[in-house]
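Here is what each chain is made of, one letter per residue.
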Amino acid sequence: MTVQAWRNFQPGRWIQEIDVRDFIQKNYSPYDGDETFLSDCSEKTKHLWQICRELLTRERESGGVLSVDPDIPLNITSHPPGYIDRDLEVIVGLQTAAPLERGIQVYGGLRHAIRACEAYGYELNPTIRDFFEKHRRTHNEGVFTAYTPEMKLARKAGIITGLPDSYGRGRIIGDYRRVSLYGVNRLIEAKELDREQLIRTMSDDNIRLREELFDQIEALKELKTMAKSYGYDLSRPAENAHEAVQWLYFAYLASIKEQNGAAMSLGRIATFLDIYMERDLTEGTINEMQAQELIDQLVIKLRLVRHLRTPEYSDLFAGDPNWVTEAIGGAGIDGRHLVTKNSYRVLHTLTNLGASPEPNMTILWSKHLPLPFQQYCARLSIKTSALQYENDDLMRPWFGDDYAIACCVSAMRLGSESQYFGARCNLAKLLLYALNGGQDEITGQQVGPNTPVYEGEYLEYDQVMELLQKHLEWLTELYVNTMNLIHYMHDRYSYEKMQLALHDTHLKHYIAFGIAGLSVIADSLSAIKYARVKPIKDERGIIVDFELEGIYPKFGNDDNRVDEIAVELVKNFITLLEKHPAYKGAVHTLSILTITSNVMYGHHTGATPDGRKTGQPLAPGANPLHGREEKGAIAAANSVAKLPYSHALDGISYTFSIVPSALGKNETEQTDNLVAFLKGYFSQEAHHINVNVINIDTLRAAMENPQAYPDLTIRVSGYAVHFIKLSREQQEEIIARTFYQRL
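Residues numbered from 1 in each chain as written. Predicted model: local features only at pLDDT ≥ 70, side-chain atom pairs only at ≥ 80, totals over all residues. Heavy atoms only, no water.

A.B. asks: Go over the overall build of the chain with me, naming the residues and quoting the values.
C.D. replies: Broken down by element type, the chain carries 28 helices and 19 strands. Across its three principal axes, the chain shows a C-alpha extent of roughly 80 × 65 × 50 Å. By the burial criterion, 66% of the 743 residues in the chain qualify as buried. Intrachain contacts of the chain at a sequence separation of at least 6 include 78% that bridge at least 24 residues. Total accessible area on the chain stands at roughly 25500 Å², and carbon and sulfur atoms take up 48% of it. (Helix = DSSP H or I, 4+ residues; strand = E, 2+ residues; numbered from the N terminus. Buried < 20%, exposed > 50% of the residue type's maximum accessible area, 1.4 Å probe, protein only. Contact = heavy atoms within 4.5 Å. Areas by Shrake-Rupley, 256 points an atom, 1.4 Å probe, with all protein chains shown as cover.)

Take a look at the structure:
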């Protein structure tokens, strides 16, 4: 059977060992041409997508959730086979029995499941509720049994926020390609062999790992059972392109049935699947339209991924995202680019099916990418605003040439590295804590270290930095301890057995911390250093506002006086984090990323010394604060590019928005100018950029007439959303961002 599945493939180490990268390097065909070979949708797919569009319209009209199954907790085998239209589907499989129906996932948190059901007019099955209340602790309950009062208070105050303590943590990327290449039986054999080797010493680590391996093997068996219910035998390797796509999707489907993680990335599948496509095309068993049909239908399924969330979750992560991130392009360590015809096919779904946030298509930009591919990506960005770009030449030395992106900007080697995700803390708010002796500027509660409130008439830079350092030391220790607790409990009560079954047994772990409000705190410190800032206290003696005299250099204008403040803050923060040991010996990483929660963070943050007023949004990710980029697009990008990736390996998110006319008078000019801009940006060792090419008038029109703009997609901060799914406040914040009128 394996001989048939691997016919005409070049042999290598991948035959003896589980090594998908070696298989790819031995067998893929780099493609240097343009997109002219691409095919339109098949008729089947056109009809299928029309059914889905009608369902998506009904979902929007129902307030964002079409239906909920409150009776059956989701797991790999929980539901019978689900179809959209069985006669039209080439790639099959749904999370529940019906498209867009949301299932309940209780192991992450019972209260989360109850509130999510109630928010949309459903009641969690009382039997399930009773069982978990009496007999089974969830991840969320485990966390809150162990949280210290200090942790709870920091969480409630919003100094540390977005923690994965009531839902799946996400950011674990199963190597779903393994199922296609090897079949499940081979993967089970490898896990059983690893387990047999852990019998000599019953240390804490070995006991835990033996149990985890048992669960992983059970998950692989359940994966076969689920696929069998659809009529497929995953015990063996895929024998053709259709099976390769279907096997891979089943593996991903099993993972999103088992977990509702904040980011369930797809990985890096385009080049892998191209190997099967090219073999079948050469053998004459499929044509180009059929190859595109497989990818179109896979992407349809990915666009239908749904999790049941609470409204509070949407305040943090707006637009109902799933971050089904697919990394496309990049180059190998040997210098060959990894662009294939299938790279084009995946991107072509934005044309065949229309623009969409999912999957979260991420271009791994490299100087080795062929020019036709660079131009094609640029044209799609101009047309759809649905792509983000990350610097493969920067990441490859750290992560090799077979990494993928978790969530938005977080790289890790597929199958051999994993991550413990941990949201972010609010540095703009921390500065106010430092000035107010650890008291919350809004509630007045003592949250941080109990130090004296700043007494001087004007803020003095050196004194402020000394106070800030004490609070940074407090916050980083608390942050690491909180994360360690959360991930201990998640492993104990909501272990990702399916995703981790598709990893090596012995993993390198990262633990991902994040900061929000970087540009606000940098500007605030710049104002203190280069202008005069007078603190204003209220009747409680708490500083609640500031009088600003003079001007100061603002982040986003390529001015080293303030840009270096931002750089030093990043370096200092990760250095302080690294002083505190992480769970399972994980490597500390840091991101500058806010998703859309920069609006919510602003709600919880008082007035800041830079002139920003109480409640106003922070800037998204690593962006300058709205309107402060006084020297134009290139200067703003240059400031962001200075932030050191070596100290923020979890990623540096930058969202760039420009009106089409600013790029040029016609498509050719616009394409060439965008390509040149990306080349210049990444040549400075910048990490990431979202690209929005859109007129503000279009966004305003969508606010007033959303039914006319169902596909309008916009990049927000590491991911994309349908603009009409955002709240009015979030839409207004997007419009308030700087849309450059010139480069």
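Once you've had a look at it, read on.
A.B. asks: Before we move on, can you summarise the pairing of strand S13 (residues 543–549) with the specific residues and values?
C.D. replies: Of the pairings in the sheet, the one linking strand S12 (residues 532–537) to S13 comprises six bridges and is antiparallel in character. Bridge pairing links Lys-537 to Ile-543 in S13. In textbook terms, the turn of a hairpin is the stretch between consecutive antiparallel strands, and for S12 and S13 this stretch comprises five residues, one of which, Gly-541, has a positive phi near 85°. (Pairing = 2+ DSSP bridges.)

A.B. asks: Can you tell me about the pattern of salt bridges, naming the residues and giving the values?
C.D. replies: If you walk through the whole model with that rule in mind, you get 55 salt bridges. In this structure, Arg-7 and Glu-283 form a salt bridge, with 3.1 Å as the shortest nitrogen-oxygen distance. Within this pair, whereas Arg-7 is found in the loop between helix H1 (2–5) and helix H2 (13–16), its partner Glu-283 is found in helix H12 (residues 270–283), the two being separated by 276 residues in sequence. Among the residues examined, Glu-283 registers a relative accessible area of 32% and is labelled partly exposed. Across the pair Lys-613 and Asp-545 runs a salt bridge whose closest N-O atoms are separated by 3.5 Å. Of this pair, Lys-613 sits in the loop between helix H23 (598–603) and helix H24 (633–641) while Asp-545 sits in strand S13, placing them 68 residues apart in sequence. Given a relative accessible area of 39%, Lys-613 falls into the partly exposed group. (Salt bridge = Lys/Arg side-chain N within 4 Å of Asp/Glu carboxyl O.)

A.B. asks: Lay out the sheet that holds strand S16 (residues 655–658) with the relevant residues and their values.
C.D. replies: Spatial ordering of the open sheet is given by S4-S5-S6-S17-S16, a layout of five strands whose pairing is mixed. One side of each edge strand has no neighbouring strand; the edge strands of this open sheet are strand S4 (325–329) and S16. Put simply, the sheet's adjacent strands are angled 30° from each other on average, direction ignored. (Axes fitted to C-alpha atoms, helices over the stretch in contact; angles between N-to-C directions.)

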